[in-house]
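Structural features, examined
Letter by letter, the chains look like this.
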Amino acid sequence: MKEEIVSAEQAASFPKSLSEVAPPSAAASRATGAVVAAVSSRMGYVRWSICALLFFATTINYVDRQVIGILSKDLQTAFRWSEIDYGNIVAAFNAAYALGLLLAGRLIDRFGTKIGYTVALTVWSFAAMSHALARSAFGFGVARATLGLGEAGNFPAAIKTVAEWFPKKERALATGIFNAGSNVGAIVAPLTVPWIALHYGWQWAFILTGAIGLLWLAFWIPLYSHPEAHRRLTKPELDHIQSDPADAAGAKTPWVRLIPHRQTSAFAIGKYLTDPIWWFYLYWIPNFLRQNHGLDLSTIGLPLIAIYVVADVGSIGGGWLSSTFIKRGWTINRARKTAMLICALAVTPIMFASNVKSLWLAVGLVGLAAAAHQGFSANIFTTVSDMFPRRAVGSVVGIGGMAGAFNGATMAVIVGYILEVTHGNYKIPFIIAGLAYLIALLIIHLLVPRIEPIGDMESVAAKPFSIGTIVGFGFVGSVFGSFAGWAVGLLSRVSGSSLLKYMAIGALIGVGTGIISGMVITSSTSKPQSV
């Protein structure tokens, strides 16, 4: 098992919360823009041009991953996919994305951001275009898996680039700017993909959107270099970039020292339960709107744009809500959990979305749920920096991201099976979506009754029979076990309920293996830590 996903330098560059990386309000944008302009006019703008490149790369990242969701109904008709086939295609992306997260940070640290980003963009651009050559569910699955491996490099590379090019006081703003590309990409895709498919065919939708990444490389390769080697960078701007004291040398935190902490399990399980809901919206909501409300490629764009615009509001509002509570004197524990509870309750109306006859009422319910997801996500990410020292934040976030992506694959298989046996009835998937956040918050509260700094992580020995060890290693084992079961099931050419049985058996074996391994690891650990 990889010990960490990102380096200590990358961990130090993570923003405190997603509320810091969400797109700013109009007033805030004008204010920060004025500050940036005033400061940059004295020293140069090169670092902001690098940030612009990160923004466009992230936009392309989200456009490329969303194409298949918009075209799914047409592709299912053309290639006679079952819902189970489509679920496995979606699962292939998520599983490969999760595996890619295990490798991306280390590889980018090893070879640098210029080479790392170049390789990632090249892989995912050609993978996106290769969908045009696919003629079977298996072919699309291979293309999606390759796309997932490539796209996994985007955020580690972008975060490391920000750490290299910006002082700490500007990193949250720079991260917010490039992360806004994910929201822009989610809006650009429904604006462009249907038009391309209607006028030139579905193949060109994949080819043209994929080729944009190669166009981006034509700017990245000649324009990017490390600040010390950049020819256009002035000395005042270089001094500004390097104005922070050097980071104190600290040991990298291995996964085996993080997993026994109940706080790690709380975050990872929360991501495991809620991240797949966002993937469900991304890949199945276009099909749901077309099937239940009679939309086609020419009319699907506006409802999808409305959903993601509302989701942007939730991304900002969720972080603002808990911050407001804290400013009023609430404890961090009360503020974060209250904000998450409000968001979790706001998701629940989506359970009725499958019964709604009005298109825009359905769009409103999905948009509200998507906004609440973003607000919940903003706060659950913040809990990591609330509880863990900076050197461990990146690795804990990586563990949670890996868990969420792997369960995204599981969720895809489950949704595909449910829709197949119910002939396209979305009631059960929406019920799952409506309850997931409340269940996640309950588990988080049970594992971490009070959100507070855990102190010296290495002050006391991890106990083999502690709740942290059993839950942490058992959970990680179940995640990898269910993935192994899915892979074995596909190789054995089973599908539907048989594939779900393989995944369930793999998860059970993984739980047992994980707990036993955790007990052995913690009992043989010589250096103490807290749980």
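Scroll up for the structure.
Fair warning: this is a prediction, and the values are worked out from it, not measured in the lab. (Residues numbered from 1 in each chain as written. Predicted model: local features only at pLDDT ≥ 70, side-chain atom pairs only at ≥ 80, totals over all residues. Heavy atoms only, no water.)

Some remarks on the environment of Thr118
You can see Thr118 is positioned in helix 6 (residues 113-130). Excluding residues within four positions of it along the chain, Thr118 makes contact with Leu217, Trp220 and Ile221. (Helix = DSSP H or I, 4+ residues; strand = E, 2+ residues; numbered from the N terminus. Contact = heavy atoms within 4.5 Å.)

Some points on unusual backbone geometry
Note on backbone geometry: most residues besides glycine have negative phi, and most peptide bonds are trans. Its identity as a non-glycine residue notwithstanding, His423 has a phi of 60°, on the positive side. Structurally, the position occupied by His423 is in the loop between helix 17 (390-421) and helix 18 (427-447). With a phi close to 60°, Arg493 is a non-glycine residue in the positive phi region. Along the chain, Arg493 turns up in the loop between helix 19 (467-491) and helix 20 (497-524).

Brief notes about the pattern of salt bridges
According to the stated counting rule, one finds 7 salt bridges in the structure shown. A salt bridge links Arg65 to Glu151; its shortest N-O distance comes to 3.0 Å. In this pair, Arg65 sits in helix 4 (residues 46-79) while Glu151 sits in helix 7 (residues 137-151), placing the two residues 86 residues apart along the sequence. Both residues of the pair, Arg65 and Glu151, belong to the buried class. Arg290 is the salt-bridge partner of Asp74, the closest N and O atoms lying 2.5 Å from each other. Residue Asp74 is located in helix 4, and its partner Arg290 is located in helix 13 (residues 262-293); the two are separated by 216 residues in the primary sequence. On the accessibility criterion, Arg290 (8% relative accessible area) is buried. (Salt bridge = Lys/Arg side-chain N within 4 Å of Asp/Glu carboxyl O. Buried < 20%, exposed > 50% of the residue type's maximum accessible area, 1.4 Å probe, protein only.)

Examining the packing of helix 14 (residues 301-327) against helix 15 (residues 332-347)
How two helices sit against one another is set out by the angle between their axes and by the gap between those axes. The geometry of helix 14 relative to helix 15 is characterised by a closest axis approach of 8 Å and an angle of 145° between their N-to-C directions. Our pair here, helix 14 against helix 15, has a crossing hand that is right-handed. Residues Gly318, Leu321, Ser322, Phe325 and Ile326 of helix 14 form the contact with helix 15, whose own contacting residues are Ile332, Ala335, Arg336, Thr338, Ala339 and Ile342. For the contact of helix 14 with helix 15, the residue count by class is 7 nonpolar, 3 polar and 1 charged. (Axes fitted to C-alpha atoms, helices over the stretch in contact; angles between N-to-C directions. Left-handed = near helix turned anticlockwise from the far one by under 90°. Nonpolar A, V, L, I, M, F, W, Y, C, P; charged D, E, K, R; others polar.)

Section: the layout of surface pockets
The calculated volume of the largest pocket comes to roughly 700 Å³. Lining the largest pocket are 21 residues, and of these Asn88, Ala137, Phe138, Trp486 and Leu490 lie nearest its centre. Contributing elements (two or more residues each) for the lining of the largest pocket: helix 5 (83-111), helix 7 and helix 19. A per-element tally of the lining of the largest pocket places helix 5 first, with 7 residues. Of the residues contributing to the lining of the largest pocket, the split by class is 16 nonpolar, 3 polar and 2 charged. (1 Å grid on protein atoms, 1.4 Å probe; cavity = no way out; pocket = protein on both sides within 12 Å on 5 of 7 lines; lining within 4 Å. Points joined across faces, edges and corners; volume = space filled by probe spheres on them.)

Some remarks on a nonpolar patch on the surface
Together, Leu103, Leu107, Phe111, Ile115, Val119 and Val123 make up a nonpolar patch on the protein surface, roughly 520 Å² of accessible area in all. Put simply, the parts of the chain that give the nonpolar patch at least two residues each are helix 5 and helix 6. With respect to the helices and strands, Val119 occurs in helix 6. For Val119, a relative accessible area of 47% translates into the label partly exposed. (Patch = residues over 30% accessible without salt bridge, like charges linked within 9 Å, V, L, I, M, F, W, Y side chains within 5 Å. Areas by Shrake-Rupley, 256 points an atom, 1.4 Å probe, with all protein chains shown as cover.)

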